[in-house]
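Now for the letters of each chain:
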Amino acid sequence: MSNLEAEPVEQECVAGPRVAVEVITAREVPLGGPRAMAVRRTLPQRRRSLIGAWCFIDHYGPEDVSVSTGMDVAPHPHTGLATVSWLFSGEVEHRDSAGVHAMVRPGEINLMTAGAGISHSEVSTPETTILHGAQLWLALPDGARDGRRDFHHHVPDPVPLDGGTLRVFLGSLADSSSPVPTATPLVGAELVVDPGARVVLDVDPAFEHGILVDRGDIAVEGERLAVAELGYVGVGAERIEIGNDSTEPGRVLVLGGTPFGERIVMWWNFVGRTHDEIARYRQEWEAHADRFGVVDGYVGPHPRIPAPTLPTTVLRPRHNPDPHARPRDEG
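What you see is a predicted model, and the numbers here were worked out from it, not measured in a lab.

Participant: Requested: an account of the UniProt feature "domain: Pirin C-terminal" (unreviewed entry) in the chain, with residues and values cited.
Facilitator: Sequence positions flagged by UniProt for "domain: Pirin C-terminal" (unreviewed entry) are, in local numbering, residues 190-288. When the span residues 190-288 is considered, its composition is 12% helix and 47% strand, and the gap between its end C-alpha atoms is 38 Å.

Below is the structure:
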């Protein structure tokens, strides 16, 4: 194709503004006690509490659980949220008080909706040697947080991209959609980036996004991220470039959604709106109330996890900054 204009107009081509990336560093916490498996937590943080409805991100492994205690989380309660389990390797047995008994396996999403209340257990299976994955929570909006318990399982197909492979487990991305219903608009996907490649994702500009690095020498919009760091991209971005300068495949989780318009109180395993709500949930769990039901079939050293003591101060709703990235040099 040739430009056939007799007097072509001189035009200056200018690149669009660089998408700002805010870097969120994980902190390490024990899962279930001081001798338990360590996990890297990027949300919630003082710097940022939510990305869309995503309110909790734990990233763990790879860990050889054949020589450690592995994952053994006794029955514990949840309210006002949905849990999303995603594994890279290993297997975890899930049991909940809605009567669901399921396995969490690599490349398969298990989404459990707590609604008004549920309890569940999570145990790595005896056959598992290397355990590696992410445990994520979604805050439920006011219209859904007092609903019924629910559970969904889905195996997303891999989608080949120029420079990588995508698996969309929630929402829609790159013309691939998950059938798993969500209470708010959001996206969740695993992206594997080929060695030395760049992948450009066309994203919904109404969403804010977090790119969690699992492996590789990853840069998001040119901002280099270490393993377990999360690159936050605010609303307005129409594309996100993710590069991998490693000689091995890189892997990230892409998590996003419309900014969550409600202020939440999140304490222990509960999401509510006020201190009094959280105190009531805690009291009902300690009293073995019907709100949370009973998990059948769990065998472990403790029948259930007791609730910690409430702080002496009043729990207040979490403040989240506006949905725009604050780069490193802005503090």
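Participant: Tell me what's going on with the sheet that holds strand β1 (residues 22-24), and back it up with residues and numbers.
Facilitator: With antiparallel pairing, the 7 strands of this open sheet are ordered in space as β1-β22-β19-β24-β17-β14-β13. Edge strands, defined here as strands with exactly one partner in the open sheet, are β1 and β13 (159-161). On average, adjacent strands in this sheet sit at an angle of 25 degrees to one another, irrespective of strand direction. Here 3 bridges tie β13 to strand β14 (residues 164-170), and the two strands are oriented antiparallel to one another. What sits directly across from Val159, in β14, is Leu166.

Participant: Pulling in residues and values, what's your account of the packing of aromatic side chains?
Facilitator: Tallied over the full model, the rule gives 8 aromatic pairs. Look at Phe56 and Trp137: their rings are 3.9 Å apart centre to centre, the planes differ by 15 degrees, and that puts the pair in the stacked class. Here Phe56 is found in strand β4 (residues 54-64), whereas its partner Trp137 is found in strand β11 (residues 130-139), with 81 residues between them in sequence. Given a relative accessible area of 7%, Phe56 falls into the buried group. Classification of Trp137 as buried rests on a relative accessible area of 5%. Following the ring pairs from residue to residue traces out a cluster consisting of Trp267, Trp268, Phe270, Tyr281, Trp285 and Phe292. Across the ring face of Tyr232, the terminal group of Arg48 is positioned such that the distance to the ring centre comes to 3.8 Å. For Arg251, the ring lying beneath its charged end belongs to Phe88, and the centroid distance is 4.1 Å.

Participant: Could you give me a rundown of helix α1 (residues 275-286), with the residues and numbers involved?
Facilitator: Over its 12 residues, α1 runs 17 Å from end to end, which matches the ideal 16 Å to within 8%, given 1.5 Å per residue. For α1, the set of buried residues is His275, Glu277, Ile278, Tyr281, Glu284 and Trp285. Elements in contact with the buried residues of α1: β5 (72-78), β10 (118-124), β25 (265-267) and β26 (270-272). Positive phi shows up at His288, right after α1, with a value of about 60 degrees.

Participant: I'd love a proper account of the side chain of Arg251, names of residues and values included.
Facilitator: Mapped onto the elements, Arg251 comes out in strand β24 (residues 250-257). Under the relative-accessibility criterion, Arg251 is labelled buried at 10%. In contact with Arg251, not counting residues within four places along its chain, are Phe88, His132, Glu190, Leu191, Val192, Leu212, Val213, Asp214 and Arg215.

Participant: How would you summarise the sheet that holds strand β23 (residues 239-244) if you had to cite specific residues and measurements?
Facilitator: Strand order in the open sheet made by the 4 strands is β18-β23-β20-β21, with antiparallel pairing throughout. In this open sheet, the two strands that pair with only one neighbour each are β18 (198-202) and β21 (223-225). Averaged over all pairs of adjacent strands, the angle between strand axes in this sheet comes to 25 degrees, irrespective of strand direction. Relative to β23, strand β20 (residues 218-220) runs antiparallel, the two sharing 3 bridges.

Participant: Kindly report on empty space enclosed by the protein, identifying the contributing residues and their values.
Facilitator: Rolled over the atoms, a probe sized like a water molecule indicates the empty space that remains. Applying the stated criterion across every chain yields a total of 1 cavity of 30 Å³ or more. In this structure, the largest cavity encloses a volume near 120 Å³. In terms of residue class, the lining of the largest cavity is built from 9 nonpolar, 6 polar and 1 charged.

Reading guide: rules and limits
- Residues numbered from 1 in each chain as written.
- Predicted model: local features only at pLDDT ≥ 70, side-chain atom pairs only at ≥ 80, totals over all residues.
- Heavy atoms only, no water.
- UniProt positions renumbered as here; feature names shortened; annotations may be inferred.
- Helix = DSSP H or I, 4+ residues; strand = E, 2+ residues; numbered from the N terminus.
- Pairing = 2+ DSSP bridges.
- Axes fitted to C-alpha atoms, helices over the stretch in contact; angles between N-to-C directions.
- Phe/Tyr/Trp six-rings, centres within 6.5 Å; stacked < 30°, edge-to-face > 60°.
- Buried < 20%, exposed > 50% of the residue type's maximum accessible area, 1.4 Å probe, protein only.
- Lys NZ or Arg CZ within 6 Å of the ring centre and 35° of its normal.
- Expected span 1.5 Å × (residues − 1).
- Contact = heavy atoms within 4.5 Å.
- 1 Å grid on protein atoms, 1.4 Å probe; cavity = no way out; pocket = protein on both sides within 12 Å on 5 of 7 lines; lining within 4 Å.
- Points joined across faces, edges and corners; volume = space filled by probe spheres on them.
- Nonpolar A, V, L, I, M, F, W, Y, C, P; charged D, E, K, R; others polar.

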